[in-house]
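Chain residues, written in single-letter form:
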Amino acid sequence: MPFAFEKFKETLDNRYSQEDVALIERAFEFAKTAHEGQVRVTGEPYFAHAAAVGTKLAELKLPSEVIAAGVLHDVSEDTQNTIDDIRENFGDDIASMVGAVTKLGKVKYRGEDRYAENLRKMFVAMAEDVRVIFIKFADRMHNMETLYALEEKKRIRIAKEVLEIYAPIANRLGMGEYRGLFEDYAFKYLQPKEYSWTQHLLEERVKKFGPAMERALKNVEFEIRKHGIQDVDLNGRVKHCYSLHKKLLRYKSDISKVYDLVALRIIVKDVPACYAALGILHGLYTPLPGRIKDYIAQPKPNGYQSLHTSVFDEQGSVLEFQIRTHQMHEENEYGVAAHWRYKETGTTTPNERQVHWMEELAQIQKELSTSDFMQHLNELKLDMFSDRIFVFTPRGDVIDLPEQSTPIDLAYAIHSEIGNKAVQTRVNGEIASLDTPLKSGDLCEIIVDRNRKLPNEDWLDFVKTRHAREKIRDALRGTKPGLWSSLMKHVR
Ligand code: MN
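Note that residues are indexed from 1 along each chain, following the sequence as it is written. Given that the model is predicted, a residue must reach a pLDDT of at least 70 before its local features are reported, and side-chain atom pairs must reach 80 or more before they are shown or counted; all residues, however, enter totals for whole chains, interfaces and linings. The basis for every side-chain value is the complete set of heavy atoms in the structure, and neither hydrogens nor water enter the calculation.

Participant: Mind showing me how you'd approach the overall build of the chain here?
Facilitator: Scanning the chain from N- to C-terminus turns up 19 helices and eleven strands. Restricting to contacts in the chain with at least 6 residues of sequence separation, those with at least 24 account for 66%. Residue-level accessible areas treat just the shown protein chains as cover; the underlying method is Shrake-Rupley with a 1.4 Å probe. Split by element, the accessible area of the chain, about 24700 Å² in all, is 50% carbon and sulfur. Strands are runs of DSSP state E lasting at least 2 residues, helices are runs of H or I lasting at least 4, and numbering of each runs from the N terminus. Throughout, a contact is declared for two residues whenever any of their heavy atoms are within 4.5 Å.

Participant: Could you clarify how one ought to interpret the coordination of the manganese ion in this entry?
Facilitator: Tetrahedral metal sites with four donors have an ideal angle of 109.5 degrees; octahedral sites with six donors have ideal angles of 90 or 180 degrees. Note on the manganese ion: its protein donors are H49 (NE2), H73 (NE2), D74 (OD) and D139 (OD). The metal-donor distances range over 2.2 to 2.3 Å. For Na, K and Ca the donor cut-off is 3.2 Å, and for all other metals it is 2.8 Å, counting N, O and S atoms only; because water is absent from this set, sites may look incomplete. Counting along the primary sequence, the residues that act as donors to the manganese ion give the motif H-x23-H-D-x64-D. Separated by 66 residues along the polypeptide, H73 in the loop between helix 4 (64–71) and helix 5 (75–78) and D139 in helix 8 (residues 130–145) bring together distant segments of the chain. Categorising residues by exposure relies on relative accessible area from a 1.4 Å probe, with only protein chains included: less than 20% of the type maximum marks a residue as buried, more than 50% marks it as exposed, and the intermediate range marks it as partly exposed. Exposure remark for H73: the relative accessible area of 2% places this residue in the buried category. Residue class for D139 comes out buried when judged on its relative accessible area of 6%.

Participant: What am I meant to see in the nonpolar core here?
Facilitator: For soluble globular proteins, the rule of thumb is that nonpolar side chains tend to be buried together. To form a nonpolar core, buried Ala, Val, Leu, Ile, Met, Phe, Trp, Tyr and Cys residues must be joined to one another through side-chain atoms within 4.5 Å. Counting 66 residues, the largest nonpolar core has L72 and F137 as the members making the most contacts within it. At nine residues, helix 8 tops the list of elements feeding residues into this core. Counting residues in hydrophobic clusters, the runner-up holds 27 residues, among them A216, V232, F321 and M328.

Participant: Any chance you could explain the pattern of salt bridges here in plain terms?
Facilitator: Just to be clear on terms, a salt bridge is a Lys or Arg side-chain nitrogen sitting within 4 Å of an Asp or Glu carboxyl oxygen. Going through the model one piece at a time under the given rule, you end up with 24 salt bridges. For D92, the salt bridge goes to R87, with nearest N and O atoms at 3.1 Å. For D92, a relative accessible area of 53% corresponds to the exposed category. Here R87 falls in the partly exposed class, since its relative accessible area comes to 34%. With its nearest N and O atoms 2.8 Å apart, the salt bridge here joins E161 to R140. Here R140 lies in helix 8 and E161 lies in helix 9 (residues 152–172), a separation of 21 residues in the sequence. Like R140, E161 is buried.

Participant: Is there a simple way to explain the sheet that holds strand 9 (residues 422–427) in this structure?
Facilitator: Strand pairing in a sheet relies on backbone hydrogen bonds, with the paired strands running either antiparallel or parallel. Spatially, three strands are ordered 10-9-11 in an open sheet, and the strand pairing comes out antiparallel. Sheet topology places strand 10 (430–432) and strand 11 (444–448) at the edges, where each strand pairs with a single neighbour. Each strand of the sheet is rotated relative to its neighbour by a mean of 35 degrees, with strand direction disregarded. Here, a strand pair is defined by DSSP locating no fewer than two bridges between the strands. Note that strand 9 and strand 11 share five bridges and pair antiparallel. Counted as the bridge partner of V427 is C444 from strand 11. Note on geometry: axes are C-alpha line fits, over the in-contact stretch for helices, and angles between N-to-C directions span 0 to 180 degrees. Sitting on the sheet, helix 17 (residues 407–414) touches strand 9 and strand 11, and the angle it makes with strand 11 is about 75 degrees.

Participant: Just checking my understanding: could you explain helix 13 (residues 271–284) for this structure?
Facilitator: A helix's residues, less one, multiplied by 1.5 Å, set its expected span. The first and last C-alpha atoms of helix 13 sit 20 Å apart over 14 residues, in line with the 20 Å expected at 1.5 Å per residue. Buried within helix 13 we find A273, C274, A277, L278, I280 and L281. For helix 13, the buried positions fall inside an angular range of 165 degrees around the axis, keeping them on one side. Exposed residues lying more than 90 degrees from the buried face of helix 13 are P272 and G283. Check the buried side of helix 13 and you find it contacts helix 11 (192–226), strand 2 (262–268), strand 5 (307–312) and strand 6 (318–325). What the arc measures is the spread of directions leading from the helix axis to the C-beta atoms.

Participant: I would appreciate a short explanation of the packing of aromatic side chains in the present structure.
Facilitator: The description of two aromatic rings rests on the distance between their centres and on the angle between their planes. Stacked, edge-to-face and tilted are the three classes for Phe, Tyr and Trp ring pairs, Trp counted by its six-membered ring, which pair at centre distances within 6.5 Å; planes under 30 degrees apart are stacked, over 60 edge-to-face, the rest tilted. Tallied over the entire structure, the rule returns eleven aromatic pairs. When the ring of Y166 is compared with that of F182, the centres are 5.6 Å apart and the planes differ by 70 degrees; the resulting orientation is edge-to-face. Of this pair, Y166 sits in helix 9 while F182 sits in helix 10 (residues 176–190); the two residues are 16 residues apart in sequence, bridging distant segments of the chain. A relative accessible area of 1% means that Y166 is categorised as buried. Judged by centre distance (5.7 Å) and plane angle (80 degrees), the rings of F187 and Y195 are edge-to-face. With relative accessibility at 17%, the residue Y195 sits in the buried group.

Participant: I would appreciate a short explanation of the environment of I414 in the present structure.
Facilitator: Along the chain, I414 falls in helix 17. For I414 and I446, which are 32 residues apart along the polypeptide, the C-alpha to C-alpha distance reads 9.9 Å. Discounting chain neighbours no more than four positions away, the residues touching I414 are T393 and I399.

Participant: Before we go on, may I ask you to explain the packing of helix 8 against helix 10 in this structure?
Facilitator: To describe two helices that pack against each other, one gives the angle between their axes and the distance between the axes. Running from N to C, helix 8 and helix 10 point in directions that differ by 35 degrees, and their axes come no closer than 10 Å. In this structure, the crossing between helix 8 and helix 10 has a hand that is left-handed. From helix 8, F137, A138, R140, M141, M144 and E145 reach across to helix 10, where they touch Y178, L181, F182, Y185, A186 and Y189. With the far helix as reference, a near helix turned anticlockwise by less than a right angle produces a left-handed crossing, and one turned clockwise produces a right-handed crossing.

Participant: Honestly, the pairing of strand 2 in this entry has me stumped. Any pointers?
Facilitator: For a regular strand, side chains alternate in direction, first toward one face of the sheet and then toward the other. The buried fraction of strand 2 amounts to seven of the seven residues, a majority that puts the element mostly inside the structure. Residues V262, L264, I266 and V268 point to one face of strand 2 and A263, R265 and I267 to the other, with burial holding for every one of them. Across six bridges, the pairing between strand 2 and strand 6 is parallel. Following the sheet pairing, V268 is matched in strand 6 by T325.

Participant: Please explain the environment of R87 as it appears in this structure.
Facilitator: Looking at the element boundaries, R87 is found in helix 6 (residues 83–105). Spatially, the C-alpha atom of R87 lies 9.6 Å from that of V98, the residues being eleven residues apart in sequence. Sequence-distant contacts of R87, defined by excluding residues within four places in its chain, comprise D92 and A95.

Participant: Please explain the side chain of T325 as it appears in this structure.
Facilitator: Along the polypeptide, T325 turns up in strand 6. Accessibility expressed as a relative area gives 7% for T325, which makes it buried. A 3.5 Å cut-off defines polar contacts: any pair of N or O atoms within that distance qualifies, except that in protein one atom must be a possible hydrogen donor and the other a possible acceptor, and neighbouring residues in sequence count only when both atoms are side-chain atoms. Separated by 3.1 Å, the side chain of T325 and the backbone nitrogen of M328 make a polar contact. In this structure, T325 is in contact with I267, V268, K269, D270, V271 and C274, ignoring residues within four places of it in sequence.

Read these as layout, nothing more, since geometry by itself doesn't imply function.
So, in C-alpha cells, the structure goes:
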C-alpha cells in the first residue's frame with residue numbers, strides 16, 4: 001500500500017469505530033477500482049488524492065459518511081461510474097453529497113462571471129448541506145498542497161480563487177486553521193517574493209526569541225499548576241505568513257510592532273480557569289497597557305473566543321498570550337466543522353451566532369436566482385464578508401449587523417413595521433440621527449410613530465443592509481398602485 005493510504009488508515013484507526021472504518025474502506029476500494037490506471041499531474045496514482053481528502057476530513061473528526069463521500073468525490077466526475085452507482089452501493093445521503101461536490105466543480109464562465117458563479121455555487125451548496133463545503137475544502141487543500149505540479153496560468157487562477165472565495169468563507173465559518181492555510185498557499189503562488197521574505201522574517205524571530213518563550217511557558221505552567229488549576233495545556237503558535245504580511249503593510253513593515261508573531265497559548269478546562277490563569281499571568285509578568293482583549297465575554301463576529309494579553313518578560317521583550325478552554329480552542333480552529341461533530345455526539349449545541357448565520361445564508365440563497373445574482377453581488381459581498389457589529393436593543397436582544405449599519409438597518413432587522421414607522425432613535429440614551437453609524441456594543445432604541453405609513457425614500461442613500469433596502473423599496477413600491485388609483489378617481 002502506498003504511503004497516502006497508510007497515513008489515512010492510521011488517522012482512521014485512532015478516531016473511528018470498526019463499522020465506520022469498514023464503510024470508509026469500502027468507499028476507498030470503490031474509488032480505487034473506479035480510478036484504476038489514472039495518474040495525477042504529480043505522478044501519484046489518482047486514489048492517493050482520494051486518500052488525502054479522506055485523511056483531512058478524518059482530522060476534522062467528521063462523521064464517517066462525510067469521509068466516505070470525500071473519498072468518492074471525484075468518482076462520478078472522472079470515471080465511468082455514475083451517481084446512481086454510488087447510490088446503489090452507499091445510499092442516498094452519500095450519493096447526494098458526491099453529487100453536490102461534482103456540481104460545485106462545474107463552472108462554465110470566465111473572469112468576473114466565473115468569480116460570481118463560483119461564489120454563488122458555494123453559497124448554494126453551503127445553505128443546502130454544509131458537509132459538502134467541508135469536502136470541497138479538503139479537496140481544495142490537497143490541490144493547493146500539490147499546486148506546484150500545474151502550469152503557471154492554472155496555478156495563478158486557482159490561487160486567486162482560493163484567496164478570494166475559499167479563505168473568506170472559511171473565515172466566516174470560523175475555520176481559522178483552514179483560512180490560514182488557504183491564505184498562505186495562495187500567497188506563496190501569487191506573491192512569491194513577499195512570501196519568502198515574510199517566511200524569512202518569521203524564522204529569524206522564532207530563532208531569536210524561541211528560548212525566552214520556552215522559559216516563559218515553563219514559568220507560567222509552574223505557577224498555574226501551583227494554584228491548583230488542572231488539565232492545562234501550554235503551547236505556542238507561529239502567526240500565519242499571509243496574516244503577518246497584511247499586518248506589516250499596516251505597520252509600514254515595522255516588525256517590532258507586531259506582538260503576536262508568536263502567540264503562547266494557555267488552554268484550560270473551563271471559563272473560570274481562563275480568568276484565573278490571566279490573573280496568575282499578570283501577577284508574574286507586567287501586562288502592556290491597552291492590550292488585554294476579552295473575546296470570551298465578547299466573541300469576534302465569526303464566533304472566535306479567547307482572552308488575549310501582551311506582557312513584558314524579564315528581558316523586557318513583549319510576549320502575547322492567548323487563554324482559552326479546550327472547547328473554544330477546537331471551535332476557533334475548526335469552527336462550524338467542530339460544531340458539526342459535537343452535534344453528532346450531542347455534547348453541545350452549535351454556537352447560536354453560527355446557526356443564525358447559516359439561516360441568513362439560506363434565506364439569501366432562497367431570494368436569489370442566477371439571473372439577478374450579478375446585480376446583488378456587491379451588496380451581498382458587503383453583507384457577508386465585511387466585519388459584523390452587535391447592537392443591543394432596550395429589550396436586551398442582540399442584533400447582528402454589518403459594520404457601519406445605521407438605526408434604520410437595526411429597525412428593519414427587528415421588524416419591517418418598526419422600520420416603516422421609525423421616526424427617531426436614541427443611541428446609548430442620546431437622541432441621534434437615523435443615519436448614525438452604529439458600533440458594536442451600542443444600545444439603540446427605535447422610536448416609532450404608529451400613524452406613520454411609509455418609510456422615507458432618502459433612507460435608501462445610507463442603509464447598509466440588503467434587507468433594509470429591500471424592505472424600504474417594497475414598502476414604497478407597494479403604495480404606488482394605491483396612489484395611482486386614488487389619482488385616477490380624481491381624474492374621473
Ligand atoms: Mn478532487
